[in-house]
Protein chains: 2
Amino acid sequence: MLRTHTCGELNLKNTGNAVFLCGWIHRSRDLGGMTFTDLRDRYGITQLVFNMETDALLCEKARKLGREFVVRVGGIVTERSSKNPKIPTGEIEIRVTELEILNESRVPPFTIEEHTDGGDDLRMKFRYLDIRRTPVRDALMLRSEMAAATRTCLRSMGFVEVETPVLIKSTPEGARDFVVPSRMNRGEFYALPQSPQTFKQLLMVAGMDKYYQIVKCFRDEDLRADRQPEFTQIDCEMSFVDQDDILHTFEGLVRYLFQEVKGIQIGELPRMSYADAMKNYGNDKPDTRFAMLIRDLSMQVKGRGFKVFEDAEVILAIAVQGAASYTRKQLDELTDWVKRPQIGATGLVYARVQVDGSVKSSVDKFYSPADLAGWAEVCQAGKEDLILVLAGPEKQTRKAMSELRLEMGSRLGLRNKDIFSALWVTDFPLLEWDDETGRWHAMHHPFTSPKPEDTSLLDTDPGNVRANAYDMVINGVEVGGGSVRIHNRNLQQKMFALLGFSETEAVTQFGFLMNAFEYGAPPHGGIAFGFDRICALFGGADSIRDFIAFPKNNSGRDVMIDSPAPLSTDQLKELGIAVPEPGTNASGSSQVI
Amino acid sequence: MLRTHTCGELNLKNTGNAVFLCGWIHRSRDLGGMTFTDLRDRYGITQLVFNMETDALLCEKARKLGREFVVRVGGIVTERSSKNPKIPTGEIEIRVTELEILNESRVPPFTIEEHTDGGDDLRMKFRYLDIRRTPVRDALMLRSEMAAATRTCLRSMGFVEVETPVLIKSTPEGARDFVVPSRMNRGEFYALPQSPQTFKQLLMVAGMDKYYQIVKCFRDEDLRADRQPEFTQIDCEMSFVDQDDILHTFEGLVRYLFQEVKGIQIGELPRMSYADAMKNYGNDKPDTRFAMLIRDLSMQVKGRGFKVFEDAEVILAIAVQGAASYTRKQLDELTDWVKRPQIGATGLVYARVQVDGSVKSSVDKFYSPADLAGWAEVCQAGKEDLILVLAGPEKQTRKAMSELRLEMGSRLGLRNKDIFSALWVTDFPLLEWDDETGRWHAMHHPFTSPKPEDTSLLDTDPGNVRANAYDMVINGVEVGGGSVRIHNRNLQQKMFALLGFSETEAVTQFGFLMNAFEYGAPPHGGIAFGFDRICALFGGADSIRDFIAFPKNNSGRDVMIDSPAPLSTDQLKELGIAVPEPGTNASGSSQVI
């Protein structure tokens with residue numbers, strides 16, 4: 001046994017005890033006769049004292065310890081003269097009598113402190129040092145707590161953990177798969193799962209009743225910031241339920257997580273239809289920490305000769321509380337902001353509600369005071385509020401207004417990371433039309449069931465069929481989504497046909513599922529939560545990066561282990577694959593379909 | 001809400017309650033006026049009653065229900081006249097008043113019963129039906145319980161769950177990797193982990209102190225029966241420990257699992273050196289449920305002119321209790337058994353200890369009664385015991401004797417699946433010589449540390465260096481193994497050199513780990529348990545197959561989803577790989593190393 005205690009647990013009660021500690025040299029202060037050294041491990045920091053008078057040799061040795069050296073010390077727990085109330089061990093120190101260097105350390109490439117001087121690339125390359133920093137370690141510890149609480153809660157509700165396979169079959173629909181060549185089945189490939197969707201449905205057919213898994217999933221997409229090729233889901237499915245049962249069950253899970261991990265009670269989750277979310281927030285994942293609802297001004301602004309509004313498909317407005325004091329300069333800057341390509345508005349109209357209740361706008365020559373009072377009324381803008389108006393084609397304008405709303409929420413400090421506003425968004429459309437491919441795509445996935453009352457529209461008006469699908473949204477982040485599934489073979493077949501699958505394609509890719517539906521498939525549905533994302537949200541972070549122990553960069557590389565990497569010719573040969581020169585034809589594949 | 005209760009929970013206390021149940025039609029008995037139907041779900045079976053007299057229409061409907069139809073019934077809980085004490089719901093039945101067919105079922109291809117008529121292939125193809133069978137469902141439920149208990153125990157000991165990446169880098173040493181072509185980094189590949197070994201060591205360098213994960217691992221090996229290309233490990237690592245700390249910690253885990261899951265107390269685990277295991281059991285994973293130790297008879301048998309023994313490198317014997325009554329025919333059969341190529345002995349010598357204590361052998365003409373009494377003494381054979389002797393080259397003979405010992409243990413009923421005998425095997429050799437490649441291989445893996453007292457032998461006598469490595473063995477099955485790791489860069493480098501890595505190879509493949517060792521790596525060590533295997537052991541099964549929800553067959557195929565499968569030409573092209581015709585050269589790979 002190398003140690004009797006960790007660096008986070010000793011206090012005045014231990015005074016006089018002989019102890020052994022192990023850890024890393026965090027920092028040292030040499031005060032002439034005395035040397036004070038902070039020893040760090042996962043559990044905390046304990047101060048060590050070396051005294052020139054009592055043991056000069058030991059003190060000299062201690063003075064030579066570099067940062068991040070690994071040591072084992074023996075000594076006596078002693079009350080400190082100058083206490084540090086900020087840390088649990090702050091009332092004591094260890095008078096060291098023995099010091100063993102377990103390993104030395106080169107000077108780290110960045111400081112191991114809460115706020116480091118290391119850039120992202122360097123931190124990733126030396127991730128094993130980055131994790132020694134408190135915020136990263138805390139993020140990983142939080143993740144561990146979240147996983148444990150999730151499992152405790154789901155188990156208490158009767159969910160059984162089942163591991164689904166990682167080596168499965170490629171289904172070219174949807175996002176791109178990562179594939180794995182099979183050496184034993186030459187010319188054939190496994191795929192890594194984008195989600196265990198079909199397997200969890202098969203588990204329902206198998207009678208497992210309630211399934212869950214915290215599971216790695218994979219998507220070979222072009223990585224945007226904060227997207228990882230491998231990510232983790234809390235994946236759940238249950239049988240003999242309707243949508244309401246599912247929503248109740250999983251808001252129970254999230255309520256439990258908030259209570260257990262954050263000590264916060266979030267209460268019942270409100271439900272909002274997709275249509276309302278789009279109308280009021282311009283977005284299917286509304287940040288409901290603040291209102292600032294989007295209003296339609298068409299009735300108020302049309303017919304007054306202002307061409308921009310006359311020509312616009314929609315005219316949308318928000319009222320920003322207390323922002324009437326915005327200067328001309330600030331408003332110009334805001335106008336530039338909405339005109340950026342990421343937002344894509346062509347201009348910004350504004351109106352200030354003055355202290356006396358009158359309204360002054362940037363388009364006063366077209367609108368009377370009464371007109372403008374109407375704007376304020378529709379926007380529920382009060383004295384000293386600022387009304388911001390965007391106009392243009394429906395889809396783009398709604399999106400731009402959603403962005404503007406979020407931006408104004410941020411500027412007004414309404415998006416506090418310590419406040420959590422959770423809700424369900426429901427009644428999503430089943431299908432969305434894709435102009436590029438000229439066909440319908442499943443908004444959720446092809447296994448989502450239409451609302452029974454809308455089923456008749458499948459043939460006549462597919463775009464207006466609503467799905468039994470739902471997302472859980474917290475603070476404007478979609479943390480989870482799911483649906484009641486189709487459990488009838490004919491309906492599933494019809495769905496595949498609607499999505500443009502040929503009968504052969506449907507059978508080749510999902511025949512096993514449709515067959516399963518013929519052997520007593522129960523009604524079922526479920527949900528998947530983005531675990532990386534929900535951890536980041538709980539941790540108050542914008543990026544998921546620090547909630548993943550060894551993340552990949554935006555090119556999908558692990559810069560620490562330098563992966564991916566070329567294979568040897570022998571390995572390729574054994575696998576029966578080749579890497580053609582770029583530009584040449586991937587030839588010789590007569591056996592592929 | 002489709003149901004008020006499950007099929008496993010109603011009893012006499014519920015008598016008179018109106019309930020709704022959902023489930024599958026398990027079987028039906030039509031007794032003229034009454035129809036009795038067993039409704040099944042994950043939780044149990046509840047008897048439904050339909051009565052021609054009270055509701056003929058409903059009863060007719062019930063009679064048309066096929067096996068495995070999914071139904072929802074409403075009715076009244078009623079005391080049964082003929083009770084079934086074998087099931088928890090056996091005292092009640094449901095007088096059904098409402099019956100809704102939720103889904104129909106074709107006739108299943110095999111019976112959904114404890115003992116099915118379905119062959120392995122059919123069961124695998126329709127795995128979703130196989131899982132409906134009690135033994136398979138119970139196996140998966142046991143696995144879920146095992147995972148939960150493992151996590152509870154490790155968390156209580158301060159272990160933090162950390163997810164390590166699945167897309168890592170190929171390391172051609174050791175078993176074959178599954179690889180994943182990177183679309184974004186053309187010509188480069190990820191590999192799937194054979195274990196998170198290097199990552200868990202980096203987590204120790206990162207100061208995580210105690211790590212665990214229940215994690216999927218992958219090995220592209222030619223599959224023997226009961227090996228899966230993807231398998232699950234309980235993977236653990238801890239810092240600032242010596243071997244003794246690690247053994248104490250993880251026998252604590254296994255003790256907890258036995259207590260929690262099986263209600264069995266297994267006590268302290270004995271420790272046996274590799275050398276003793278090989279000597280006494282001929283095997284580094286001894287089945288210690290029974291003794292029947294292997295004895296060396298060389299001293300007793302040499303110099304008597306029996307050529308077989310004179311020429312043999314070793315002469316090994318076991319005493320089989322009470323088997324002196326074996327007939328000549330049985331002994332001939334046993335002789336044939338040891339001569340099978342899988343066992344590989346050239347013959348079997350035997351000696352019976354008679355009721356009067358005298359010994360009769362198959363080689364009486366070479367050995368005096370006193371000689372044979374000496375055999376009995378060495379073997380600790382008593383009256384009516386049978387002594388079995390094998391002779392030949394050391395390695396093969398020890399292996400054959402180990403097999404014979406296990407076989408005799410089985411024949412004597414000494415290998416009861418309900419009895420568990422666990423132990424640690426320690427002090428493994430660090431290296432083993434491979435005649436084929438003409439170099440040393442790491443017996444455990446290249447990160448295992450030599451025993452400090454043997455380190456000096458690394459240069460002079462590597463074959464005699466013992467490792468700080470250990471296996472946990474239960475009932476002759478290696479359920480886990482681990483080691484104290486190297487945490488010093490120079491020693492790690494020396495180890496790689498010993499194993500025949502060039503300096504470049506070592507740096508290319510494991511440079512990140514050796515670098516990490518230069519920044520304050522703590523002493524650390526750990527273990528990995530084969531989770532599939534330990535679940536099967538707890539479940540009393542020989543095969544891991546039913547403890548995996550969706551296993552692959554011996555060709556690595558998932559016959560249910562029909563995977564692996566060919567990819568489309570487009571997919572291959574996008575990934576930058578080609579599948580050459582078998583026999584052609586995997587050409588055009590100038591960018592591979």
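Counting starts from 1 at the beginning of each chain's written sequence and moves along it residue by residue. A letter from A marks each chain and a number from 1 marks each ligand, given out in the order of writing. Given that this is a predicted model, residues contribute local features only at a pLDDT of at least 70 and side-chain atom pairs are listed and counted only at 80 or more, while totals for whole chains, interfaces and linings are drawn from all residues. Remark: hydrogens and water are excluded; side-chain values derive from all non-hydrogen atoms of the structure.

### Remarks on empty space enclosed by the protein
The rolling of a water-molecule-sized probe over the atoms marks out the regions of remaining empty space.
And then number 1: Method remark: on a 1 Å grid restricted to protein atoms, a set of points is classed as a cavity if a 1.4 Å probe fits but cannot get out and as a pocket if it is open with protein on both sides within 12 Å along at least five of seven lines; lining residues have an atom within 4 Å of a point. Grid points are joined across faces, edges and corners, and a volume is the space filled by probe spheres set on the points. All chains considered together, the criterion is met by eleven cavities of 30 Å³ or more.
And then number 2: A volume near 430 Å³ is recorded for the largest cavity.
And then number 3: Around the largest cavity, the lining is made up of 27 residues, and of these I214(A), V215(A), I214(B), V215(B) and K216(B) lie nearest the centre.
And then number 4: The numbering of helices and of strands both runs from the N terminus, where a helix is a DSSP run of H or I of at least 4 residues and a strand a run of E of at least 2. For the lining of the largest cavity, the secondary structure elements donating two or more residues are β9 (210-218) of chain A together with α4 (134-156) and β9 (210-218) of chain B.

### Focus: the packing of α4(B) against helix α16 (residues 531-538) of chain B
All names here are of chain B.
And then number 1: Angles run from 0 to 180 degrees between N-to-C directions of axes, and those axes are lines fitted to C-alpha atoms, restricted for helices to the stretch in contact. At a minimum axis separation of 10 Å, α4 and α16 run at an interaxial angle of 115 degrees. Between α4 and α16 lies a crossing whose hand is right-handed. Only F531, D532, I534, C535 and F538 of α16 make contact with α4, whose side of the interface consists of L142, R143, M146 and A147. When the near helix sits turned anticlockwise from the far one by under a right angle, the crossing is termed left-handed; a clockwise turn instead gives a right-handed crossing. We call two residues in contact when some of their heavy atoms are within 4.5 Å.

### Looking at helix α16 (residues 531-538) of chain A
All names here are of chain A.
And then number 1: In terms of burial, α16 is a largely internal element, seven of the eight residues being buried.
And then number 2: Only protein chains enter the accessibility calculation, which uses a 1.4 Å probe. A residue is then buried if its area is under 20% of the maximum for its type, exposed if over 50%, and partly exposed in between. Of all the positions in α16, only F531, D532, I534, C535, A536, L537 and F538 are classed as buried.
And then number 3: At the C-terminal side of α16, G540 shows a positive phi close to 70 degrees.

### Some thoughts on the relation of the copies chain B and chain A
And then number 1: Superposing copies: least-squares fit, C-alpha atoms only, residues required to have pLDDT of at least 70 in both. Take chain B, turn it by 180 degrees, move it 0.0 Å along the axis, and it overlays chain A with an RMSD of 0.1 Å. Expressed as an axis order, the relation between the two copies is that of a two-fold axis.

### Remarks on the sheet that holds β9(A)
Residue and element names in this part refer to chain A.
And then number 1: A strand pair is defined by DSSP finding two or more bridges across the two strands. One open sheet holds the eight strands; their spatial order is β6-β9-β10-β22-β21-β20-β17-β11, and the pairing between them is mixed. Across the chains shown, the open sheet's two edge strands, defined by having one partner strand only, are β6 (160-161) and β11 (271-273).
And then number 2: For β9 and strand β10 (residues 230-239), the ladder comprises nine bridges, and the chain directions are antiparallel. Its bridge partner lying in β10, V215 is registered against Q233.
And then number 3: With respect to the sheet, helix α5 (residues 197-205) is in contact with β9, β10 and β22 (524-530), its orientation differing from that of β10 by roughly 20 degrees.
And then number 4: Against the sheet, helix α6 (residues 243-262) touches β10, β11, β17 (422-426), β20 (469-474), β21 (477-484) and β22, its axis set at about 20 degrees to β20.

### A few points about the sheet that holds strand β5 (residues 92-103) of chain B
Backbone hydrogen bonds are what pair the strands of a sheet, in a parallel or an antiparallel way.
Residues and elements named next belong to chain B.
And then number 1: Reading around the circumference, β1-β2-β3-β5-β4 is the order of the five strands in this closed barrel, with mixed pairing throughout. This sheet shows a mean twist of 55 degrees between the axes of neighbouring strands, independent of strand direction.
And then number 2: Here strand β4 (residues 70-79) pairs with β5 via ten bridges, running antiparallel. Bridge pairing in β5 places R72 opposite E100.

### Description of the nonpolar core
And then number 1: If you look at the biggest cluster of nonpolar residues, it comprises 54 residues, and the most contacted ones within it are Y128(A), I131(A), F550(A), M560(A), L202(B) and L203(B).
And then number 2: Elements with a contribution of two residues or more to this core: α3 (127-130) and α4 (134-156) of chain A together with α5 (197-205), α7 (274-281), β17 (422-426), β20 (469-474), α14 (489-498) and α15 (503-516) of chain B.
And then number 3: If you tally residues by element for this core, the top one is α15(B), at six residues.
And then number 4: When near neighbours in sequence (up to four residues on either side) are disregarded, M560(A) contacts M124(A), K125(A), R127(A), Y128(A), F550(A), F199(B), L202(B) and F512(B).
And then number 5: Throughout, nonpolar core names a set of buried Ala, Val, Leu, Ile, Met, Phe, Trp, Tyr and Cys residues whose side chains join them through atoms within 4.5 Å. Listed in part, the 53 residues of the second largest apolar core include L431(A), L458(A), Y128(B) and M560(B).

### Some points on the pattern of salt bridges
And then number 1: A side-chain nitrogen of Lys or Arg and a carboxyl oxygen of Asp or Glu constitute a salt bridge if their distance falls within 4 Å. Inspection of the entire model under this criterion finds 98 salt bridges over all chains.
And then number 2: Linking E113(A) and R27(A) is a salt bridge whose minimum nitrogen-to-oxygen distance equals 2.8 Å. Of this pair, E113(A) sits in the loop between β5 (92-103) and α2 (120-125) while R27(A) sits in strand β1 (residues 18-31); the two residues are 86 residues apart in sequence, bridging distant segments of the chain.
And then number 3: Classification of E113(A) as buried rests on a relative accessible area of 18%.
And then number 4: As a salt-bridge pair, R143(B) and D532(B) come within 2.8 Å of each other at their nearest N and O atoms. Residue R143(B) is located in helix α4, and its partner D532(B) is located in helix α16; the two are separated by 389 residues in the primary sequence. Like R143(B), the residue D532(B) is buried in the burial classification.

### Some details on the packing of aromatic side chains
Centre-to-centre distance and the angle between the planes together describe a pair of aromatic rings.
And then number 1: Working definition: a ring pair exists when centres of Phe, Tyr or Trp rings (six-membered ring for Trp) sit within 6.5 Å. Plane angles under 30 degrees give stacked, over 60 give edge-to-face, the rest tilted. Under the counting rule described, the total for this entry stands at 47 aromatic pairs over all chains.
And then number 2: With centroids separated by 5.1 Å and ring planes inclined at 80 degrees, the aromatic side chains of W433(B) and W440(B) adopt a geometry described as edge-to-face.
And then number 3: The exposure class of W433(B) is partly exposed, given its relative accessible area of 46%.
And then number 4: In this structure an aromatic cluster arises from ring pairing among F306(A), F309(A), F366(A), Y367(A) and W375(A).
And then number 5: Lying over the aromatic face of F126(B), K125(B) brings its terminal NZ or CZ to 5.9 Å of the ring centre.
And then number 6: The aromatic ring of F290(B) is capped on one face by R405(B), whose charged end is 4.0 Å from the ring centroid. Two conditions define a charge sitting above a ring: the NZ of Lys or the CZ of Arg must be within 6 Å of the ring centre, and it must be within 35 degrees of the ring normal.

### Structural notes on the interface of chain B and chain A
And then number 1: The interface is formed by 136 residues belonging to chain B together with 136 residues belonging to chain A.
And then number 2: Summed over both partners, the accessible area lost on bringing two parts together, with a 1.4 Å probe, is the buried area. Of the roughly 12,000 Å² buried where chain B meets chain A, counting both sides, 58% is carbon and sulfur surface.
And then number 3: On the chain B side of the contact with chain A, E163(B), F240(B) and Y519(B) bury the most area, a combined 7% of that side's loss.
And then number 4: Counting across the chain B and chain A interface gives 18 salt bridges.
And then number 5: Note that R183(B) and D222(A) form a salt bridge whose closest N and O atoms lie 3.2 Å from each other.
And then number 6: Any pair of N or O atoms that falls within 3.5 Å is considered a polar contact. Within protein, one atom must be able to donate a hydrogen and the other to accept it, and sequence-neighbouring residues count only if both atoms are side-chain atoms. In this assembly, chain B and chain A are joined by 68 residue pairs in polar contact (both at pLDDT 80 or more).
And then number 7: Here the residues of the side of chain B that touches chain A sort into 71 nonpolar, 30 polar and 35 charged. Here the term charged refers only to Asp, Glu, Lys and Arg, the term nonpolar to Ala, Val, Leu, Ile, Met, Phe, Trp, Tyr, Cys and Pro, and the term polar to all other amino acids, Gly among them.

### What about the environment of V136(A)?
All names here are of chain A.
And then number 1: For V136, the position within the fold is in helix α4.
And then number 2: Along the primary structure V136 and F547 are separated by 411 residues, whereas in three dimensions their C-alpha atoms are 7.4 Å apart.
And then number 3: The contacts of V136, once residues within four sequence positions are left out, are R123, R127, D130, I131 and D546.

### Structural notes on the domain arrangement of chain A
And then number 1: Parsing chain A into structural domains produces domain 1 (12-103), domain 2 (137-272 + 422-547) and domain 3 (290-411).
And then number 2: The domain boundaries here were taken from an automatic or database domain assignment. In this structure, domain 2 of chain A and domain 3 of chain A have C-alpha centres spaced 38 Å apart.

### Description of the pairing of strand β22 (residues 524-530) of chain B
All names here are of chain B.
And then number 1: Within β22, six of the seven residues are buried, which leaves the element mostly enclosed by the surrounding structure.
And then number 2: Judged from the seven bridges that link them, strand β10 (residues 230-239) and β22 form a sheet pairing that is antiparallel. Paired with C236 across the bridge in β22 is I527.
And then number 3: As paired strands, strand β21 (residues 477-484) and β22 are joined by five bridges and run antiparallel to one another. When the bridges of β22 are listed, G481 appears paired with A528.

### A closer look at the packing of α4(A) against α4(B)
And then number 1: Between α4(A) and α4(B), the least distance of the axes is 12 Å, while the angle of their chain directions is 135 degrees. It follows that α4(A) is oblique to α4(B) by the angle criterion. As α4(A) runs across α4(B), the sense of the crossing is left-handed. Contact residues: S144(A), E145(A), A148(A), R151(A) and R155(A) in α4(A); S144(B), E145(B), A148(B), R151(B) and R155(B) in α4(B).
And then number 2: Of the residues belonging to the contact of α4(A) with α4(B), the class tally is two nonpolar, two polar and six charged. Note on terminology: angles under 35 degrees are roughly parallel, angles over 145 are roughly antiparallel, angles of 65 to 115 are roughly perpendicular, and the others are oblique.

### Observations concerning helix α10 (residues 328-339) of chain A
Residue and element names in this part refer to chain A.
And then number 1: Residue count minus one, scaled by 1.5 Å, sets the expected span of a helix. Along its twelve residues, α10 runs 16 Å from first to last C-alpha, staying within 8% of the 16 Å computed at 1.5 Å per residue.
And then number 2: Burial in α10 covers these residues: L331, L334, T335, W337 and V338. All buried residues of α10 fall inside an arc of 155 degrees around its axis, so they share one side.
And then number 3: Its buried side turned inward, α10 meets β14 (349-353), β16 (386-392) and α12 (394-411). It is the directions from the helix axis to the C-beta atoms whose arc is reported.

### What about the side chain of K210(B)?
And then number 1: By secondary structure assignment, the location of K210(B) is in strand β9.
And then number 2: Positive: Lys, Arg. Negative: Asp, Glu. His and the chain ends are not part of the count. For the buried residue K210(B), which engages in no salt bridge, the nearest side chain bearing the opposite charge is D209(B), 5.2 Å off.
And then number 3: Polar side-chain contacts of K210(B) include one of 2.9 Å to the backbone oxygen of M157(B).
And then number 4: Setting aside its immediate chain neighbours within four residues, K210(B) contacts R42(A), Y43(A), M157(B), G158(B), F159(B), V160(B), M204(B), E237(B) and M238(B).

### Here we look at the confidence of the model for chain A
And then number 1: Every residue gets a pLDDT, meaning the predictor's confidence in that residue, from 0 to 100. With 98% of its residues at a pLDDT of at least 70, chain A reaches an overall mean of 94.
And then number 2: What the predictor reports for the complex is a pTM of 0.95 with an ipTM of 0.95.

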